[in-house]
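Residue-level structure breakdown
So the chains spell out like this:
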Amino acid sequence: LLVVPENMSVWNLFTYIEHLRENKQKTTRYEIAKWTKIIHPFALLVMMTLALPFAIYQRRSGGLSGKIFTGIMLGIGFYLLNRLFSNLGVLNDWDPLLSAALPTLLFLMLAVGMMKFVERRKAETAMALGHPVPERLSRHASPRGSIHKPSGAVTFLSPLQSVDFRAIDRVKIV
């Protein structure tokens, strides 16, 4: 009797893995399924974090369909990468936790990188408009084109203040 691990609950996987170990049988496929089920709630948080850059950086010029398409492709890519690492883990006898967690960690790094890119892009635009920018962002951002920050402008904000980005969407930086 072969039980499909994807259809089993985490508790049943724990008990079935112990049963297989007692009988000296291979447990890799079931352990990967167990860790995948345990990591799945964190993967949902990572996918929500990955969606944030698309929600934060809004252009009035359109591009909504491109954002939706990119989001769908990222979701499909995440699913396929999870399946790929599960199968590679079974075939190559990789550590089950690594096989289950690596796709989630890769997409978490991608989400953090995208958030930093959007934050830097907004800082560049704010600097180009002459708005105050937090010091931690102003050293990495440089305005493009011929628009420069006026002399004497404040280059930092306290953590409690925020930059008004409403006017940024109407400016085109060359």
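Our subject in this report is the structure included herewith. Computed from a predicted structure; not experimentally measured.

Position of Leu13 relative to the elements: it lies in helix H1 (residues 10-22). Residues Leu13 and Lys34 lie 21 residues apart in sequence; the distance between their C-alpha atoms is 6.1 Å. The contacts of Leu13, once residues within four sequence positions are left out, are Pro5, Met8, Tyr30, Ala33, Lys34 and Lys37.

Glancing now at the packing of aromatic side chains. Taken as a whole and judged by the stated rule, the model has three aromatic pairs. Seen in terms of ring centroids, Phe78 and Phe107 are 5.0 Å apart; in terms of plane orientation they differ by 75°. Their pairing is edge-to-face. Pair noted here: Phe78 is in helix H3 (residues 64-92) and Phe107 is in helix H4 (residues 96-129), with a separation of 29 residues, a long-range link. Between Phe85 and Trp94, the ring centres sit 6.1 Å apart and the planes meet at 50°, which makes this aromatic pair tilted.

The next subject is a nonpolar patch on the surface. Taken together, the side chains of Leu64, Ile68, Phe69, Ile72, Met73, Ile76, Tyr79 and Leu80 make up a nonpolar region of the molecular surface, amounting to roughly 840 Å² of accessible area. Structurally, the position occupied by Ile68 is in helix H3. A residue is classified by how much of its surface remains accessible, and Ile68, at 47% relative accessible area, is partly exposed.

Listed in full, the eight residues of the largest apolar core are Ala43, Val46, Leu50, Leu74, Phe78, Phe107, Ala111 and Met114. Those elements giving two or more residues to this core turn out to be helix H2 (28-56), H3 and H4. If near-sequence neighbours (up to four positions away) are discounted, Leu74 is found in contact with Met47, Leu50, Phe54, Phe107 and Leu110. Core analysis: the next-biggest nonpolar cluster, separate from the first, contains seven residues, Tyr16, Leu20, Tyr30 and Ala33 among them.

The next thing to look at is the packing of H2 against H4. Close contact between H2 and H4 brings their axes to 9 Å; oriented N to C, the two are set at 10°. Classified by the angle between their axes, H2 and H4 sit roughly parallel to one another. In terms of residue class, the contact of H2 with H4 is made up of 23 nonpolar, four polar and two charged.

Rules behind the numbers
Residues numbered from 1 in each chain as written. Predicted model: local features only at pLDDT ≥ 70, side-chain atom pairs only at ≥ 80, totals over all residues. Heavy atoms only, no water. Helix = DSSP H or I, 4+ residues; strand = E, 2+ residues; numbered from the N terminus. Contact = heavy atoms within 4.5 Å. Phe/Tyr/Trp six-rings, centres within 6.5 Å; stacked < 30°, edge-to-face > 60°. Patch = residues over 30% accessible without salt bridge, like charges linked within 9 Å, V, L, I, M, F, W, Y side chains within 5 Å. Areas by Shrake-Rupley, 256 points an atom, 1.4 Å probe, with all protein chains shown as cover. Salt bridge = Lys/Arg side-chain N within 4 Å of Asp/Glu carboxyl O. Buried < 20%, exposed > 50% of the residue type's maximum accessible area, 1.4 Å probe, protein only. Core = buried A, V, L, I, M, F, W, Y, C linked by side-chain atoms within 4.5 Å. Axes fitted to C-alpha atoms, helices over the stretch in contact; angles between N-to-C directions. Parallel < 35°, antiparallel > 145°, perpendicular 65-115°, else oblique. Nonpolar A, V, L, I, M, F, W, Y, C, P; charged D, E, K, R; others polar.

Take it as geometry only, folks, not as evidence of what the structure does.
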